[in-house]
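Structural overview
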Amino acid sequence: MHTHKGIPVSPGIAIAPAFVLDPDRLRVSRRPVPEKRVPAELKALEDALAASIAEVEELRRGTEDILGAELAKIFSFHLGMLADPHLTGQFRHAIERDHVNAAYAVYAVLKRLADTFLNHKDRYFRERVSDIYDLQRRILGHLTGGVDGGLASIEHPCVLIARDLTPSQTAALDKSKVRALATDYGGRTSHTAILAHALGIPAIVGLEDATRRINTGDPLIVDGHRGFLVADPDAAQLLEYRQEIEHIQDLATQRRALRDLPAQTRDGTDIELHGNIEFPTEIAEALDNGAQGIGLYRTEFLYLASDHEPSEDEQYEAYRQAIRNLDGKPLTIRTLDLGADKLTHSGLAGEDHDERNPFLGCRSIRLCLQNLPMFKTQLRAILRASAEGPVRIMFPLISQIMELRQAKMVLGDVREDLEEEGVAVAANIPVGMMIEVPSAALQARSFADEVDFFSIGTNDLIQYTLAVDRGNERIASLYSAAHPALIGLLKEVIRTADRTDTTVSLCGEMAGQPEFTMLLLGLGLRRFSMTPPAIPEVKSVIRAVSVEQCRRLARKVAGLDTDREVLNYLRDELGRIMPDAFDGRSIGY
Ligand code: PEP
Ligand code: MG
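From a predicted model like this one, the values you see are computed outputs, not experimental measurements.

Per the secondary structure count, the protein includes 25 helices and 16 strands. Taken over the C-alpha trace, the protein has a radius of gyration of 26 Å; the compact-globule value for 589 residues is 25 Å, and the two agree within 12%. C-alpha extents for the protein along the principal axes are approximately 90 × 70 × 40 Å. In the protein, of all internal contacts separated by at least 6 residues, the share reaching a separation of at least 24 is 70%. Element-wise, carbon and sulfur atoms account for 49% of the exposed surface of the protein, whose accessible area totals about 24700 Å². Measuring between centres, the 68 positive side-chain charges of the protein sit 2 Å from its 86 negative side-chain charges.

Leave glycine aside and you will find that most residues have negative phi; peptide bonds, for their part, are mostly trans. Located in the positive-phi region is Ser 364, a residue other than glycine, with phi close to 60°. Along the chain, Ser 364 turns up in the loop between strand E11 (331–334) and helix H15 (365–369). By relative accessible area, which is 0% here, Ser 364 ends up buried. Residues other than glycine seldom take positive phi values, yet Ala 467 does so here, at roughly 55°.

What follows concerns the site of ligand 1. Arg 298, Arg 334, Gly 457, Asn 459 and Arg 470 are the nearest of the 14 residues found near ligand 1. In this structure, an oxygen atom belonging to ligand 1 sits 2.8 Å away from a side-chain N or O atom of Arg 298. Take Arg 470: an N or O atom from its side chain is 2.8 Å from an oxygen atom of ligand 1. Across the complex, the protein chains shield 100% of the 290 Å² of accessible surface that ligand 1 would expose by itself. Among the elements that make up the shell around ligand 1, the one with the highest residue count is helix H20 (residues 458–466) (3 residues). Of the residues belonging to the shell around ligand 1, the class tally is 3 nonpolar, 4 polar and 7 charged.

Our focus in this paragraph is the coordination of the magnesium ion (ligand 2). Taken together, the protein donors to the magnesium ion (ligand 2) comprise Glu 436 (OE) and Asp 460 (OD), at separations of 2.0 to 2.2 Å. Of this pair, Glu 436 sits in the loop between strand E13 (431–435) and helix H18 (438–442) while Asp 460 sits in helix H20, placing them 24 residues apart in sequence. On the accessibility criterion, Glu 436 (2% relative accessible area) is buried.

Let us look at the packing of aromatic side chains. Scanning all chains against the criterion turns up 4 aromatic pairs. Residues Phe 279 and Phe 301 carry aromatic rings whose centres are separated by 6.2 Å and whose planes lie at 75° to one another, so their mutual orientation is edge-to-face. One end of the pair, Phe 279, is in the loop between strand E9 (272–277) and helix H12 (283–288); the other, Phe 301, is in helix H13 (residues 300–304), and 22 residues separate them in sequence. By the burial criterion, Phe 279 is buried, and Phe 301 matches it.

Attention shifts here to the domain arrangement of the protein. For the protein, the domain assignment lists domain 1 (2–23 + 150–233), domain 2 (35–144), domain 3 (261–271 + 436–580) and domain 4 (299–429). Here domain 2 and domain 3 have C-alpha centroids that lie 49 Å from each other.

What follows deals with the nonpolar core. Side chains that are nonpolar tend, in soluble globular proteins, to be buried together. With 162 residues, the main nonpolar core has Leu 160, Phe 395 and Phe 454 as its most contacted residues. Element by element, the count of residues in this core is highest for helix H5 (residues 102–118), at 9 residues. What Phe 395 contacts, discounting residues up to four positions off in sequence, is Thr 335, Ile 365, Phe 375, Leu 379, Leu 404, Ala 407, Lys 408, Leu 411, Val 431, Gly 432, Met 433 and Met 434. The next biggest cluster of nonpolar side chains, apart from the first, holds 16 residues, and it includes Ala 14, Ala 16, Ala 18 and Ile 214.

Now for the environment of Glu 419. You can see Glu 419 is positioned in helix H17 (residues 401–420). With relative accessibility at 45%, the residue Glu 419 sits in the partly exposed group. Note: C-alpha distance between Glu 419 and Glu 35 (384 residues apart in sequence) is 67 Å.

As a further point, take the pairing of strand E4 (residues 158–162). If a strand is regular, its side chains alternate between the two faces of the sheet. Counting buried positions over the 5 residues of E4 gives 5, a clear majority of the element. In E4, alternate side chains face the same way, and those of Cys 158, Leu 160 and Ala 162 on one face and Val 159 and Ile 161 on the other are all buried. In this structure, strand E3 (residues 13–20) lies alongside E4, joined through 3 bridges in parallel fashion. Paired with Ala 18 across the bridge in E4 is Val 159. Both E4 and strand E5 (residues 178–183) contribute to a ladder of 5 bridges, which runs parallel. Bridge pairing in E5 places Leu 160 opposite Leu 181.

For the rest of this paragraph, the subject is the pairing of strand E7 (residues 219–223). Of all 5 residues in E7, 4 are buried, a share of seventy percent or more. Of the strand pairs in this sheet, E3 and E7 are connected by 5 bridges, and their pairing is antiparallel. Counted as the bridge partner of Ile 15 is Ile 221 from E7. Summarising the sheet, E7 and strand E8 (residues 228–231) pair through 4 bridges and their orientation is antiparallel. Paired with Val 222 across the two strands is Leu 229, which belongs to E8. Adjacent in sequence and paired antiparallel, E7 and E8 are bridged by 4 residues, among which Gly 227 carries a positive phi angle near 85°.

For the rest of this paragraph, the subject is the packing of H20 against helix H21 (residues 484–499). With their axes 10 Å apart at the nearest point, H20 and H21 run at an angle of 125° to one another. Comparing the axis directions of H20 and H21 gives the class oblique. In terms of crossing hand, the pair formed by H20 and H21 is right-handed. The residues of H21 that touch H20, namely those facing Thr 458, Leu 461, Ile 462 and Thr 465, are Ala 485, Leu 486, Leu 489 and Leu 490. Across the contact of H20 with H21, the residue classes tally to 6 nonpolar, 2 polar and no charged.

Definitions and limits used
Residues numbered from 1 in each chain as written. Chains lettered and ligands numbered in written order. Predicted model: local features only at pLDDT ≥ 70, side-chain atom pairs only at ≥ 80, totals over all residues. Heavy atoms only, no water. Helix = DSSP H or I, 4+ residues; strand = E, 2+ residues; numbered from the N terminus. Rg over C-alpha atoms; globule rule 2.2 N^0.38 Å. Contact = heavy atoms within 4.5 Å. Areas by Shrake-Rupley, 256 points an atom, 1.4 Å probe, with all protein chains shown as cover. Lys, Arg positive; Asp, Glu negative; His and termini not counted. Charge placed at Lys NZ, Arg CZ, Asp CG, Glu CD. Buried < 20%, exposed > 50% of the residue type's maximum accessible area, 1.4 Å probe, protein only. Near = heavy atom within 4 Å. Polar contact = N/O pair within 3.5 Å; in protein donor to acceptor, adjacent residues only side chain to side chain. Nonpolar A, V, L, I, M, F, W, Y, C, P; charged D, E, K, R; others polar. Donors = N, O, S within 2.8 Å, 3.2 Å for Na, K, Ca; no water. Phe/Tyr/Trp six-rings, centres within 6.5 Å; stacked < 30°, edge-to-face > 60°. Domains from an automatic or database assignment. Core = buried A, V, L, I, M, F, W, Y, C linked by side-chain atoms within 4.5 Å. Pairing = 2+ DSSP bridges. Axes fitted to C-alpha atoms, helices over the stretch in contact; angles between N-to-C directions. Parallel < 35°, antiparallel > 145°, perpendicular 65-115°, else oblique. Left-handed = near helix turned anticlockwise from the far one by under 90°.

Spelled out as structure tokens, the structure:
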């Protein structure tokens, strides 16, 4: 039995044998072509290009129907390459000048391009290598009649293991056969991750060498909640995970029963539970889980899934769709949180892909304030959409009062412009900020005078408070929401919000982890926003406890010195209150 740890990007558990996608690249032989055969090779090339364009267009349309227009844009790179006269000119040139077969011309030109991209200093180009190989495979498939990489040969349910999967491969996966996927490469915001999550396929990326260590047929467990890939599991582990699958299925049944029950403590305090989303298409799932609104819409995914900067109209359409899907429930739109690990594919003006310390660099609101046309475009789209239903605007990564004032000033300017143009905009739009930098938490009293609401982003607040990179595997054990320093900051922010009548919510992953629910209630939190599948679990904890009981628990936690002690205590308490429902693990991630 071996356990490999990767980055969990799509939750769920699967137990199935491995199918390792042939990692060896294609090899195509070079055939000399006599002069008189050159036109026939050129004609074969044109036919293959046209067939590839039609195929990718078809995939794009299919993806758009199922997953929406934003996700479908990931095929723009392929279509752009196929339509690029410089690239297709190189294929023709090789056939005419070198007298080689069309298949070899395509193979060699794209291989050269992939090698150049692979060695590029810019990560955007390095990440496109798999797209180039995808395109190569597709065109060659039409030229040589079937050199598909093996996905078509999957016959039985499996865990798909690959170096990397291209967007088109991921979008075309047959869910009845591919129960989960695990890749050597990729990060949280890679296209594969975005698509796997949207398709509901459990997935782990960033495993580094899974294709080398695992063979087709090896029995596997994929734990998409925690990022574990277990090879050759023993009987005890299989039993444990089978029980967990049953547990998750039971939770899904309970979820339906819980959906319409109020999130109310035993002593009658109402708690608001909202969902976090990346795409408007996720709203249905959030509502299905009982979300009372969307507390965090990560709009940067609109940019991440696109190969160009989305226009004002494209953004307006996405926000309008989200508002309509919510049918009167509130939508908190967070302005762009790009930069650091969330880089666009087109490289926006001001977005430096090679910053030395990107999490402390020009990310998020800083990037927007240095790129006003982009920021204003988004704010215009949000304000226009606000006429359609209840919207709240939230600025991320605020670390200074002046930054917030500047952002609000830009918002005011955009509103004035729209009003002058006679465009309808909602009159009173609540404006808030994320509290995810210690300076903002420590200055919450001053910020409270300037905003309508706070949303505490613990994912970043933990990394900045503890100086622990949230994405670095080697120090993952130091990254803890149970650290007393973090809990101290949360306590102060919630207390300040309470005293100043500022609405406060918490939208980091901690909000969806049931072991923290009682502590957060005890600290005075009354609004949570979380990954939608976690809502029912958190709701059942809320319904099982009283506020007084949670306050006592929070007082006890205040006397503990280490995150270990805190976590053990919280898990013990949760186990005491709900012995049957939980095993101390969260179903969200
Ligand atoms: C956070 O930092 O807690 C947060 C919710 O934002 P993100 O995870 O998008 O950085
Ligand atoms: Mg954040």
